[in-house]
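One-letter residues, chain by chain:
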Amino acid sequence: MQNKYNNNNLGLSLEKKDYHNKNKIIDNDDMNKEKIYWLNYDIENIKKELQELQDEENQILKDLEPFKKQIKELEEIEKRNLDKVHTYNEIKDATQNQIGKLAEYEGVTIIQMTKKLGIFLNSDEK
């Protein structure tokens with residue numbers, strides 16, 4: 001039976017005789033557990049590949065720096081706009097409260113009071 005892990009390009013072997021004692025147990029497609037051994041020479045290739053990946057990650061993080069600054073600026077703008085929306089809502093609520101009190105004082109409905117004050121709730125009411 002040819003095992004898919006018997007491939008020196010991967011640096012793996014199922015036979016211990018030619019390799020050092022670093023091993024790992026893996027599950028293959030047949031639901032069996034198999035012990036594998038890393039080739040001595042391949043550890044250096046893995047270290048080199050790991051360093052290349054770390055360098056690539058560092059370059060990506062460096063490339064993202066301008067975007068991080070833009071994101072921070074956009075978050076600050078969003079916060080300012082949200083604060084303005086909250087202020088607007090507080091003013092609107094206080095105004096509606098006062099219109100309601102005026103309507104009650106004059107004995108009319110709120111709709112009638114808004115029309116009397118020239119406040120149109122919909123653009124088609126003009």
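Residues numbered from 1 in each chain as written. Predicted model: local features only at pLDDT ≥ 70, side-chain atom pairs only at ≥ 80, totals over all residues. Heavy atoms only, no water.

Quick notes on the overall build of the protein chain
On a plain count of helices and strands, the protein chain comes out with two helices and three strands. For the protein chain, buried positions account for 15% of its 126 residues. For the protein chain, the proportion of contacts with a sequence separation of at least 24, taken over those separated by at least 6, is 20%. Here the protein chain has roughly 11,000 Å² of accessible surface; of this, 53% comes from carbon and sulfur atoms. (Helix = DSSP H or I, 4+ residues; strand = E, 2+ residues; numbered from the N terminus. Buried < 20%, exposed > 50% of the residue type's maximum accessible area, 1.4 Å probe, protein only. Contact = heavy atoms within 4.5 Å. Areas by Shrake-Rupley, 256 points an atom, 1.4 Å probe, with all protein chains shown as cover.)

Let's talk about a negative patch on the surface
Together, Glu 73, Glu 75, Glu 76 and Glu 78 line one region of the surface with negative charge. Along the chain, Glu 73 turns up in helix H1 (residues 40–106). For Glu 73, a relative accessible area of 39% gives the class partly exposed. (Patch = residues over 30% accessible without salt bridge, like charges linked within 9 Å, V, L, I, M, F, W, Y side chains within 5 Å. Salt bridge = Lys/Arg side-chain N within 4 Å of Asp/Glu carboxyl O. Lys, Arg positive; Asp, Glu negative; His and termini not counted. Charge placed at Lys NZ, Arg CZ, Asp CG, Glu CD.)

Remarks on the pattern of salt bridges
For the structure shown, the criterion picks out three salt bridges. Put simply, Glu 65 and Lys 68 hold a salt bridge, and the shortest N to O gap is 3.5 Å. One end of the pair is Glu 65 and the other is Lys 68, both in helix H1 and three residues apart, which spans about a single turn.

Treat this as a map of the structure, not an account of what it does.
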